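Structural characterization, general
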Amino acid sequence: ELMLPSVFWAEFCKKVRTSTISVPILILSSRSETEQKVDLLVAGADDYMVKPFSFNELLARIQALLRRPAKTLPNVLVYQDIELDPASHTVRQSGREVSLTLKEFRLLEYFLQHPGRVINREDLLAHLWDFNYEAFSNVVDVHVKNLRRKLDRENVPSMLETVRGIGYRLRT
């Protein structure tokens, strides 16, 4: 139960994720505000359940968390001069912090997790947006453009390559 301020639990999740401890974190709470859930999931929680809940669902979620490998990705994703830290939700480029929106952060994280792979717009929509977005929307293109604007350097090819008619790829 999140009877203590949510900032405490967000800090707790961040500290666990930045330490050498590898443990799943499942939040159980009567608080159902979306912002509360998002804050804790971004801070490092693996799942969030709102009370009341089915005991069978709780057991299924625990089993699903325990099936996950202890280490699937490095704590900090690195590409050239970019470092993305999911636990602290920070991005650094050549040592300076880069301010990204939540969608830009998740988009960059997804590209860093799949370097060199061509990712089509539909996959990006499915992984980073909910099902309410239309397949013909340019929302992905707009966010990629904004991400490029924040990360690209003059006289250097963009780290995000457009593959015409298909999608985007993180240059390797």
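Residues numbered from 1 in each chain as written. Predicted model: local features only at pLDDT ≥ 70, side-chain atom pairs only at ≥ 80, totals over all residues. Heavy atoms only, no water.

Here's the deal with the pairing of strand β4 (residues 82–85)
- The pairing of strand β3 (residues 77–79) with β4 spans three bridges and is classified as antiparallel. Opposite Leu-77, over in β4, you have Leu-84 as the bridge partner.
- The pairing of β4 with strand β5 (residues 90–93) spans four bridges and is antiparallel. Pairing of Leu-84 across the sheet is with Val-91, part of β5.
- From the end of β4 to the start of β5, which pair antiparallel, there are four residues, and His-89 there has a positive phi angle of about 55°. (Pairing = 2+ DSSP bridges. Helix = DSSP H or I, 4+ residues; strand = E, 2+ residues; numbered from the N terminus.)

Observations concerning the pairing of strand β8 (residues 160–163)
- Pairing of β8 with strand β9 (residues 167–170), which is carried by four bridges, proceeds in the antiparallel orientation. Its bridge partner lying in β9, Glu-161 is registered against Arg-169.
- In sequence, β8 turns back onto β9 through a hairpin of three residues, with Gly-165 there showing a positive phi of about 75°.

Thoughts on the packing of aromatic side chains
- Enumeration according to the criterion identifies one aromatic pair in this entry.
- Measuring from ring centre to ring centre gives 5.7 Å for Trp-9 and Phe-12, while their planes differ by 75°; the resulting arrangement is edge-to-face. Taken as a pair, Trp-9 and Phe-12 lie in helix α1 (residues 6–18) at a separation of three residues, close to a single helical turn. (Phe/Tyr/Trp six-rings, centres within 6.5 Å; stacked < 30°, edge-to-face > 60°.)

Some words on a nonpolar patch on the surface
- A surface patch of nonpolar side chains, amounting to about 390 Å² of accessible area, comprises Phe-55, Leu-59, Ile-62 and Leu-66.
- Along the chain, the position of Leu-66 falls in helix α3 (residues 55–67).
- Judged by its relative accessible area of 61%, Leu-66 falls in the exposed class. (Patch = residues over 30% accessible without salt bridge, like charges linked within 9 Å, V, L, I, M, F, W, Y side chains within 5 Å. Areas by Shrake-Rupley, 256 points an atom, 1.4 Å probe, with all protein chains shown as cover. Salt bridge = Lys/Arg side-chain N within 4 Å of Asp/Glu carboxyl O. Buried < 20%, exposed > 50% of the residue type's maximum accessible area, 1.4 Å probe, protein only.)

Considering the packing of helix α4 (residues 102–113) against helix α5 (residues 121–128)
- Viewed as axis vectors pointing N to C, α4 and α5 meet at an angle of 120°, and their least axial separation amounts to 11 Å. Between α4 and α5, the angle falls in the class oblique. In this structure, the crossing between α4 and α5 has a hand that is right-handed. Listed contacts from α5 to Lys-103, Arg-106, Leu-107, Tyr-110 and Phe-111 of α4 are Leu-124, His-127 and Leu-128.
- In terms of residue class, the contact of α4 with α5 is made up of five nonpolar, one polar and two charged. (Axes fitted to C-alpha atoms, helices over the stretch in contact; angles between N-to-C directions. Parallel < 35°, antiparallel > 145°, perpendicular 65-115°, else oblique. Left-handed = near helix turned anticlockwise from the far one by under 90°. Contact = heavy atoms within 4.5 Å. Nonpolar A, V, L, I, M, F, W, Y, C, P; charged D, E, K, R; others polar.)

Examining the sheet that holds strand β7 (residues 119–120)
- The antiparallel open sheet is built from three strands, whose spatial order is β7-β9-β8. Taken across any chain shown, the strands that pair with only one partner, and hence form the sheet edges, are β7 and β8.
- As defined by bridge partners, β7 adjoins β9 across two bridges and the pair is classed as antiparallel. Following the sheet pairing, Ile-119 is matched in β9 by Tyr-168.
- Contacts from α4 reach β7, β8 and β9 within the one sheet, and its direction differs from that of β9 by about 65°.
- Across the sheet, helix α6 (residues 139–151) lies against β8 and β9, angled at about 145° from β8, the strand it touches most.

As for the sheet that holds β5
- The antiparallel open sheet is built from four strands, whose spatial order is β3-β4-β5-β6. Two strands bound the open sheet, and with one partner strand each, they are β3 and β6 (96–98). Strand-to-strand twist across the sheet, computed as the mean angle between neighbouring axes with direction ignored, equals 25°.

Comments concerning the nonpolar core
- Membership of the largest hydrophobic core comes to 27 residues, with the highest contact counts inside it found for Val-91, Leu-108, Phe-111, Leu-124, Val-140 and Met-159.
- Looking at this core, the elements that each hand over two or more residues are β3, β4, α4, α5, α6 and β9.
- With six residues, α4 is the largest single contributor of residues to this core.
- In contact with Leu-108, other than residues within four places in its own chain, are Ile-82, Leu-84, Val-91, Leu-100, Leu-147, Leu-151 and Met-159.
- Core analysis: the second largest hydrophobic core is formed by nine residues, Ala-10, Ile-25, Ile-27 and Ala-43 among them. (Core = buried A, V, L, I, M, F, W, Y, C linked by side-chain atoms within 4.5 Å.)

In short, shape yes, function no, at least from these values alone.
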